[in-house]
Amino acid sequence: MLSKINKIAVIGTGVIGTGWIIRMLAHNKKVSAFDLNFKQKAILIKEIKRSLPFVKKLYKKKLINLKNLSFKTSLLETLKDVDFIQECASENYKLKTKLMSDIGKYSKPNAIISSSSSGLLPSVIFSKCKNPNRGIIGHPFNPVYMLPAVEIVPGKKTSKSILKKANDFYKSISMNPIAVKKELPGYLADRLQEALWREGLHIINEGYATTEDLDRAIEDGPGLRWSLMGTFLTFHLAGGKSGMKHMLEQFGPALKLPWTKLKAPNLSKKLIKRLVDGTKKQAKGKSVAKISNIRDEYLLDLLLMRKKYEKKLR
């Protein structure tokens, strides 16, 4: 049964908050957006309009009703009568804990509060929040309006009924929720991404490859497989008829070899320069908006094409 939650508050209108707003609007939700900086409204509207061609095609919508969006600079006014709150403030325990305390005071007692944190612990974030049982992490991936994954992480006091309602709500806006069994710093995907990122920093730091070399290694190799099958199913297939069992027998011993360094290197000025120079070269003078359009067009085609294969595997 799909969620009946229709009135949403999105706290913060940066990249992630804007992504949430676009996805909510595409699913006919009434969205109250909050930002202390009123100038963000023009930036928000501009980004919504830029993304509309991709969003309408992905969700097969002829029209996205922008009248369902209101922009406010008062937290109290933003939270009035909303059923679901998606908080998108900066990754900072002190900031989020204070914000959740205020949100808890101003929101309806039964309103679900979800933080878009990328790795902070919900039990800390909601430690001063009224009714912390309704607090969760709802960690999305950029661009939020297109990528369907959202990690739902419970705090120590989060109720099971709230987790169920949040799961149903995210499904109602075309997301594929991933339930993290208990709170864990970094959650799931970011821990995996972080391991890949840190190894990449070592490789670049020691001069084995450029940022473009490493990105190409993923783009033209495992990345194409990962968009349909994750690491484990991919490795299962690598074992032939016997699947994962044979794969582990054949490649398991390699885990003892010193192939990776998970401890991050010092982010020195030299390493920072290599990262900045490398990615600047890859951009070839294109703006972030231009690259975002290229990325969205690619993701749109990939997501639409992939649907018939998803049905065979999921």
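Cut-off values and rules
Residues numbered from 1 in each chain as written. Predicted model: local features only at pLDDT ≥ 70, side-chain atom pairs only at ≥ 80, totals over all residues. Heavy atoms only, no water. Buried < 20%, exposed > 50% of the residue type's maximum accessible area, 1.4 Å probe, protein only. Helix = DSSP H or I, 4+ residues; strand = E, 2+ residues; numbered from the N terminus. Pairing = 2+ DSSP bridges. Axes fitted to C-alpha atoms, helices over the stretch in contact; angles between N-to-C directions. Contact = heavy atoms within 4.5 Å.

Regular strands place side chains that alternate from one sheet face to the opposite one. Within strand β6 (residues 135-139), five of the five residues are buried, which leaves the element mostly enclosed by the surrounding structure. The two faces of β6 match: G135, I137 and H139 on one face and I136 and G138 on the other face are all buried. Two elements, strand β5 (residues 112-115) and β6, share three bridges in a ladder whose sense is parallel. For S115, the partnering residue across the bridge sits in β6 and is I137.

Looking now at the sheet that holds strand β1 (residues 7-11). Spatially, eight strands are ordered β3-β2-β1-β4-β5-β6-β7-β8 in an open sheet, and the strand pairing comes out mixed. On the outer flanks of this sheet lie β3 (69-72) and β8 (176-179), each paired with one strand and no other. The mean angle between the axes of side-by-side strands here comes to 25 degrees, regardless of whether they run parallel or antiparallel. Direction of pairing for β6 relative to strand β7 (residues 149-154): antiparallel, over a ladder of four bridges. Across the sheet, I136 pairs through a bridge with P154, a residue of β7. With respect to the sheet, helix α6 (residues 160-172) is in contact with β1, β4 (84-87), β5, β6, β7 and β8, its orientation differing from that of β7 by roughly 170 degrees.

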